[in-house]
Amino acid sequence: MTASDNVSDQPSANTGKPVKPRKAVVVLLDSLNRHMLGCYGGTEFQTPNLDRFAAMSKRFTSHYTGSLPCMPARHDILVGALDFLWRPWGSIELWERPLTHDLRKQGVVTQLFSDHPHLFETGGENYHTEFSAWDYLRGHESDPWRTRADPSWLGAPALPARSRAGAHEPHGYDLSRSWFRSEAEFPGPRTMQATADWLTSHGNAHDSFMLFVDEFDPHEPFDTPAPWANMYDPDWDEELMIWPPYAVGAVEKGILTERQARHIRANYGAKLTMTDHWFGKILDAMDQQDLWKDTVFILCTDHGHYLGERDIFGKPGVMQYETLGHTPLMIHYPGVAAGTVDALTTNVDIYQTLADLFGAQPAHRTHGKSLLPLVRGEQTQVREYAIGGIYGNWVQIQDGRHKYARAPVTDNFPLSMWSNRWSTMPVAVMPNLRLPNPDHRAWLDYMPGSDIPVIRQPFQQGDLLPYWCIQARVDEHQLYDIGTDPSEQHNLVGQPAEQNMIEMLRVALKEVEAPAEQFERLGIA
């Protein structure tokens, strides 16, 4: 018997209506590049377990990012509201609640496993606190886990690697990696093994649960022990380069040599394949506990990661080309055969899907569409367009064929920040960098659908801006026909299709009740 042979939506004896599954697993793998997965046509790196999961799932082919980068994307998924039009990377605000809040009220057990440091630092407040239980597996990227290297680390599995460029003191990970005693002690493997163990011991103990796994791999550092290290670059004989630059024109400008660029890309591949191996432990636990028959399982990401495409590395200040913005999404639903879903979808839809599954009714304004009708074959489309972007930068919209990135015009104003938290991601190489404080120009306003006052701080030329929108590109609009130009080489700005996309963007911004100043800064008022 296969997972799809079990039919969960059996009619209720009382109502005659199908009963939805009451268990869900969500695994978010950070910076997961869609085009590098075997199940999406990738051939460069091995992903047998992700491909194994795809074979029992609905594989979405037109799923795109919304708010960016890391924490704004999690806000889309856990809170269900696009926030990039109002504020940059930040915490959950007073006027909204995460899905876990509503599930807790219903008595649904919620569990978080994560090695993602941004969830537990400034700018990540309140995302984990509403879970019934949470476990933070320490030591990834910027996590301030250790204050010195392990003095006895000789013989540990971490191989010699270059430190992060620009750090004024040993980077958190440079210290943490010296304490890993085996592959199983690296943060990613620990997180996914903890997940598998929970499914084994708790999966059948709860009538209803949502298990959320926020796994930071394969995000940088692209650090792996043997046998994964250099598996795709066996001739490299120098220190590993595990920290990619964030740069446009990395090779052209001499930031990387062509050889170094290939090495960094190969190290991402090694991290991806190691991540895939440990993801297989979760699938094994689902098999062993026979959980597929009554559990919805979602595999998603926040965004992709440039690894030399267009000579771009990391997540620098460019529009969301396909590499970063077109992301994988796979959903297993009991009783539903595997296949593909070609409908346009975005990350806020994951929130609405889970809310629909559990019957949650959020009190705050949300922007998603449930994907359950697509998964069950009841509909072929749930949205005509999807918007996304980074605060104070391009605002993008796509309709499933055309992608339009609208830049600010003339300058990047008017622009305001709306928040009652005023916290954002700390930057290790710039320890004194903070958001600018609100000043005498600020006033109290209201978010759509809320009667809670919010501090609204306007900015103007000469102000210190939130660093997410410093040096925004002005008047650099981009339009691509993804159907005929998937590599986005031919900018169609100025052609008739642009006016159609401008009008669609205007309608979309009105639908989410975006601030009036967004229309003005984008020149579409």
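In what follows, the structure referred to is the one given above.
Predicted model only: the values in this text are computed from it and were never measured. Along each chain, the written sequence defines residue order, and numbers are assigned to residues from 1. Whole-chain, interface and lining totals are the exception, using all residues; otherwise, since this is a predicted model, local features are given only for residues with pLDDT of at least 70 and side-chain atom pairs are given and counted only at 80 or more. Heavy atoms from the whole structure form the basis of all side-chain values; hydrogens and water molecules are not counted.

Asks: Where do I start with the environment of Gly42 in this structure?
Replies: Considering the arrangement of structural elements, one finds Gly42 in the loop between strand S1 (23–29) and helix H1 (48–54). You can call Gly42 buried: its relative accessible area is 13%. Leave out the neighbours within four places in its chain, and Gly42 touches His35, Met36 and Leu37. What counts as a helix is a DSSP run of H or I of at least four residues, what counts as a strand is a run of E of at least two, and both are numbered from the N terminus. Accessibility here uses a 1.4 Å probe with only protein chains present; expressed as a share of the type maximum, an area under 20% marks a residue as buried, one over 50% as exposed, and anything in between as partly exposed. Should any heavy atoms of two residues lie within 4.5 Å, those residues are considered in contact.

Asks: Is there a simple way to explain helix H5 (residues 187–202) in this structure?
Replies: Because each turn of an α-helix spans 3.6 residues, side chains separated by three or four positions in sequence point in the same direction. Over its 16 residues, H5 extends 22 Å from the first C-alpha to the last, a length consistent with the 22 Å expected when each residue adds 1.5 Å. Among all positions of H5, only Pro187, Gly188, Pro189, Thr191, Met192, Ala194, Thr195, Ala196, Trp198 and Leu199 are buried. Packing partners of the buried residues in H5 comprise S1, strand S3 (109–114), strand S5 (209–215) and helix H6 (258–288). Any helix carries an expected span of 1.5 Å times its number of residues minus one.

Asks: Please clarify how the nonpolar core should be interpreted in this entry.
Replies: Across soluble globular proteins, you tend to see nonpolar side chains buried next to one another. We define a nonpolar core as any set of buried Ala, Val, Leu, Ile, Met, Phe, Trp, Tyr and Cys residues linked to one another through side-chain atoms lying within 4.5 Å. Within the largest apolar cluster, 57 residues are counted, with the highest numbers of intra-cluster contacts made by Val27, Phe53, Leu199, Phe279, Phe297 and Leu299. Elements that contribute at least two residues to this core include exactly S1, H1, H5, S5, H6 and strand S7 (295–300). Looking at this core element by element, the count peaks at eleven residues for H6. Non-local contacts of Val27, meaning those with residues more than four positions away in its chain, are made with Val213, Phe279, Ile282, Phe297, Ile298, Leu299 and Cys300. Grouped together as the second largest cluster of nonpolar side chains are 45 residues, Leu112, Leu119, Tyr351 and Leu371 included.

Asks: Sorry, what's going on with the packing of helix H3 (residues 99–106) against helix H8 (residues 348–358) here?
Replies: A pair of packed helices is characterised by two quantities: the angle between their axes and the separation of those axes. To obtain an axis, a line is fitted to C-alpha atoms, over the contacting stretch when the element is a helix, and the angle between two such axes runs from 0 to 180 degrees between their N-to-C directions. Between H3 and H8, the least distance of the axes is 11 Å, while the angle of their chain directions is 5°. As summarised for this structure, H3 and H8 are arranged roughly parallel, according to the angle between their axes. When H3 is examined against H8, the residues Leu99, Asp102, Leu103 and Gln106 are found in contact with a partner set consisting of Tyr351, Leu354, Ala355 and Phe358. Residue polarity follows a fixed list, in which Ala, Val, Leu, Ile, Met, Phe, Trp, Tyr, Cys and Pro are nonpolar, Asp, Glu, Lys and Arg are charged, and the others, Gly among them, are polar. Split into classes, the residues belonging to the contact of H3 with H8 amount to six nonpolar, one polar and one charged. Note that the term roughly parallel is reserved for angles under 35 degrees, roughly antiparallel for angles over 145, roughly perpendicular for angles of 65 to 115, and oblique for everything else.

Asks: Just to check I follow, could you spell out the sheet that holds strand S6 (residues 247–248) for this structure?
Replies: Sheet strands pair by backbone hydrogen bonding; their relative direction is either parallel or antiparallel. Two strands form a pair only when DSSP identifies at least two bridges running between them. Read from one edge to the other, the open sheet built from three strands follows the order S6-S9-S8, with strand pairing classed as antiparallel. On the outer flanks of this sheet lie S6 and strand S8 (306–307), each paired with one strand and no other.

Asks: Explanation requested: the packing of aromatic side chains in the structure shown.
Replies: Aromatic rings in a pair are described by how distant their centres are and how their planes are angled relative to each other. Two rings belonging to Phe, Tyr or Trp (six-membered ring only in the last case) form a pair when the distance between their centres is within 6.5 Å. Interplanar angles under 30 degrees mark stacking, angles over 60 mark edge-to-face geometry, and anything in between is tilted. The tally for this structure, following the rule as stated, stands at 18 aromatic pairs. Judged by centre distance (5.1 Å) and plane angle (80°), the rings of Trp198 and Phe209 are edge-to-face. Here Trp198, found in helix H5, pairs with Phe209, found in strand S5; they are eleven residues apart in sequence, far enough to count as distant. Here the aromatic residues Trp145, Tyr173, Phe180, Phe186 and Trp243 are joined through ring pairs into a cluster of three or more. Over a ring means this: the NZ of a Lys or the CZ of an Arg is within 6 Å of the ring centre and within 35 degrees of the ring normal. The lysine or arginine in question, Lys281, covers the ring of Trp278, its NZ or CZ lying 5.4 Å from the ring centre. Directly above the aromatic system of Tyr321 lies the positively charged group of Arg310, at a separation of 3.9 Å from the ring centroid.

Asks: Hey, could you run me through the state of the cysteines in this one?
Replies: By definition, a disulfide links the sulfur atoms of two cysteine residues through a covalent bond. Disulfides are defined as pairs of cysteine sulfur atoms found within 2.5 Å of each other. Summed over all chains, the structure comprises zero disulfides. Counting only cysteine sulfurs, Cys70 is the nearest neighbor of Cys300, a cysteine outside any disulfide, at a range of 13 Å. Its relative accessible area of 0% is what places Cys300 among the buried residues. With no disulfide of its own, Cys469 has Cys70 as its nearest cysteine by sulfur position, at a separation of 18 Å.

Asks: What is the right way to look at the sheet that holds strand S16 (residues 443–446) in this model?
Replies: If you trace the three strands from one edge of the open sheet to the other, you get S15-S17-S16, paired in antiparallel fashion. One side of each edge strand has no neighbouring strand; the edge strands of this open sheet are strand S15 (415–418) and S16. Taken over all neighbouring pairs, the strand axes of this sheet differ in orientation by 45° on average, direction set aside. Relative to strand S17 (residues 453–459), S15 runs antiparallel, the two sharing four bridges. Each bridged residue has a counterpart across the sheet, and for Trp418 the counterpart in S17 is Arg456.

Asks: Looking at this structure, I do not really get helix H2 (residues 70–79). What am I missing?
Replies: Of all ten residues that make up H2, ten are buried, and the element is covered over most of its length. Regarding H2, the residues found buried are Cys70, Met71, Pro72, Ala73, Arg74, His75, Asp76, Ile77, Leu78 and Val79. Its buried side turned inward, H2 meets S1, H3, S5, S7 and H8. Looking one or two places after H2, you find Gly80, whose phi comes out positive at around 85°.

From the geometry alone we can't say anything about function, so treat these as descriptive.
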